[in-house]
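Structure at a glance
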Amino acid sequence: MNPALKPQNKGTKQLFKNPILEKLSRTHISVPLIIFFSYSTSLLYWSVTHTSLSMGITVAMFFIGLIAFTWVEYMVHRYLFHMGANSEQRAKVQYTLHGVHHEFPKDKERLAMPPVVSITISTILLFLFRLVLGDLVFSFLPGFLVGYAAYLSIHYMVHSFQPPNNFLKILWVNHSIHHYKNGEEVFGVSSPLWDYIFGTMVKK
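Our subject in this report is the structure included herewith. The residue numbering used here restarts from 1 in each chain and proceeds along that chain's sequence as written. Confidence filtering applies because this is a predicted model: local features only for residues at pLDDT of at least 70, side-chain atom pairs given and counted only at 80 or more, and all residues used for totals across whole chains, interfaces and linings. Side-chain measures here rest on the full set of heavy atoms in the structure, leaving out hydrogens and waters.

1. Concerning the packing of helix H3 (residues 55-81) against helix H4 (residues 88-103)
With their axes 10 Å apart at the nearest point, H3 and H4 run at an angle of 140° to one another. The angle between the axes of H3 and H4 places the two elements in the oblique class. Contact residues: His77, Leu80 and Phe81 in H3; Gln94, Leu97 and His98 in H4. When residues are sorted by character, Ala, Val, Leu, Ile, Met, Phe, Trp, Tyr, Cys and Pro go into the nonpolar class, Asp, Glu, Lys and Arg into the charged class, and all the rest, Gly among them, into the polar class. Residue composition of the contact of H3 with H4, by class: three nonpolar, three polar and no charged. Angular values range over 0 to 180 degrees, each being the angle between N-to-C directions of two axes fitted as lines to C-alpha atoms, with helices fitted over their stretch in contact. Secondary structure counts use DSSP, requiring at least four H or I residues in a row for a helix and at least two E residues in a row for a strand, with both numbered from the N terminus. Angles below 35 degrees are treated as roughly parallel, those above 145 as roughly antiparallel, those between 65 and 115 as roughly perpendicular, and all remaining angles as oblique. Residue contacts are defined here by distance: any two heavy atoms, one from each residue, within 4.5 Å place the two residues in contact.

The structure is reproduced here in structure tokens:
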């Protein structure tokens, strides 16, 4: 992450000169949430009506998918979104993927993946996981996508609302540290689990 980027609490930034691409880079938070929950519901329905998976296996795979997403969230955030920008091209890719969010963290239209990207990612994951998991994918992927939706919801809330006076406040605190204190710590948004495991949780 470019240390010269200073968080701006107001405003936005144009990423693309092409107005269509620029429009596609923005979305309201409700759109990807509807997509992921609809996708998950459809897959679970298919699992119940077209596979022989038991209810116990279905529930277990759903929660395994949920936990798996928190690991993927951490790894993507740490190693892709915060990739070393050691060339002009990498710096441009990193800024487009995530740097613009660090510069304008309260830009609500860039707190979630655009619909086209959301649908594409979901479909690619369905085919990839199906190769490995077979029919288990119809219960695993819904959990994974619900985890993604939970992450998007939490990420939107911590940038849009004041922290609550309950146990969830720590999510606001952790993400504020990541944005305003040290961008190389506290990569987990929906869960601090992997920060503790991999040693990137703030020490104090």
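2. Some thoughts on the side chain of His82
Within the element layout of this structure, His82 appears in the loop between H3 and H4. On the basis of relative accessible area, His82 is assigned to the buried category, the value being 7%. Any pair of nitrogen or oxygen atoms within 3.5 Å is treated as a polar contact; in protein, a donor-acceptor pairing is required on top of that, and neighbouring residues in sequence qualify only through side-chain atoms on both sides. A polar side-chain atom of His82 sits 3.4 Å from the main-chain carbonyl oxygen of Gly183. Exposed residues in this analysis have more than 50% of their type's maximum accessible area, buried residues have under 20%, and partly exposed residues fall in between, with area computed by a 1.4 Å probe over protein chains only.

3. Comments concerning the environment of Ser52
Inspection of the secondary structure puts Ser52 in the loop between helix H2 (30-50) and H3. Along the sequence, Ser52 and Leu152 sit 100 residues apart, while their C-alpha atoms lie 32 Å from each other.

4. A look at helix H5 (residues 115-133)
By this rule the span expected of a helix is its residue count minus one, scaled by 1.5 Å. Here H5 contains 19 residues, and its C-alpha end-to-end distance of 26 Å stays within 8% of the 27 Å for a straight helix at 1.5 Å per residue. Burial in H5 covers these residues: Ser118, Ser122, Leu125 and Leu126. In a view along the axis of H5, the buried residues occupy a sector of 110°, so they form one face of it. Projecting away from the buried face of H5 at angles above 90 degrees are the exposed residues Val116, Phe127 and Leu131. Just downstream of H5, Gly134 is the residue with a positive phi angle, here 65°. Along the arc lie the directions from the helix axis toward the C-beta atoms.

5. Observations regarding a nonpolar patch on the surface
To count toward a patch, a residue needs a relative accessible area over 30% and no salt bridge; like charges are then connected within 9 Å, while nonpolar side chains (Val, Leu, Ile, Met, Phe, Trp, Tyr) are connected within 5 Å. With residues, only the protein chains shown are counted as cover, and all accessible areas are computed by Shrake-Rupley using a 1.4 Å probe. Salt-bridge detection follows one rule: a side-chain nitrogen of Lys or Arg within 4 Å of a carboxyl oxygen of Asp or Glu. Among the surface-exposed residues, Ile20, Leu21, Leu24, Val116 and Val117 lie close enough to one another that they form a single nonpolar patch of about 430 Å² accessible area. Secondary-structure elements contributing two or more residues to the nonpolar patch are helix H1 (19-24) and H5. Counting residues per element, the nonpolar patch draws most heavily on H1, at three residues. Exposure remark for Leu24: the relative accessible area of 44% places this residue in the partly exposed category.

6. Quick notes on H3
Here H3 contains 27 residues, and its C-alpha end-to-end distance of 37 Å stays within 8% of the 39 Å for a straight helix at 1.5 Å per residue. Restricting attention to buried positions, one finds in H3 the residues Thr58, Met61, Phe62, Gly65, Phe69, Thr70, Glu73, Tyr74, His77 and Phe81.

7. Here we look at the pattern of salt bridges
Within the structure shown, the criterion is met by three salt bridges. Arg26 serves as the salt-bridge partner of Asp107, at 3.4 Å between the closest nitrogen and oxygen. Of this pair, Asp107 sits in the loop between H4 and H5 while Arg26 is found in the loop between H1 and H2, placing the two residues 81 residues apart along the sequence. For the pair shown, Asp107 and Arg26 are each scored as buried. When salt bridges that share partners are traced, they join Arg26, Asp107 and Glu109 into one network.

8. Describing the packing of aromatic side chains
Only Phe, Tyr and Trp rings are paired, with Trp represented by its six-membered ring, and only when their centres lie within 6.5 Å; those with planes under 30 degrees apart are stacked, over 60 edge-to-face, the remainder tilted. Evaluated as defined, the whole model comprises 14 aromatic pairs. Seen from their ring centres, Phe69 and Tyr148 are 5.2 Å apart, and the 20° between their planes marks the pair as stacked. One end of the pair, Phe69, is in helix H3; the other, Tyr148, is in helix H6 (residues 137-160), with 79 residues separating them in the sequence. Residue Phe69 shares its accessibility class with Tyr148, and that shared class is buried. Note on Tyr148 and Tyr151: the rings are 6.2 Å apart at their centroids and 40° apart in plane angle, and the pair reads as tilted. Residue Tyr148 and its partner Tyr151 are both found in helix H6; the two are separated by three residues, about one turn of the helix. Comparing Tyr148 with Tyr151 shows no difference in burial state: the two are buried. Members of the aromatic cluster, each reached through a chain of ring pairs, are Phe36, Phe69, Phe129, Phe140, Phe144, Tyr148 and Tyr151.

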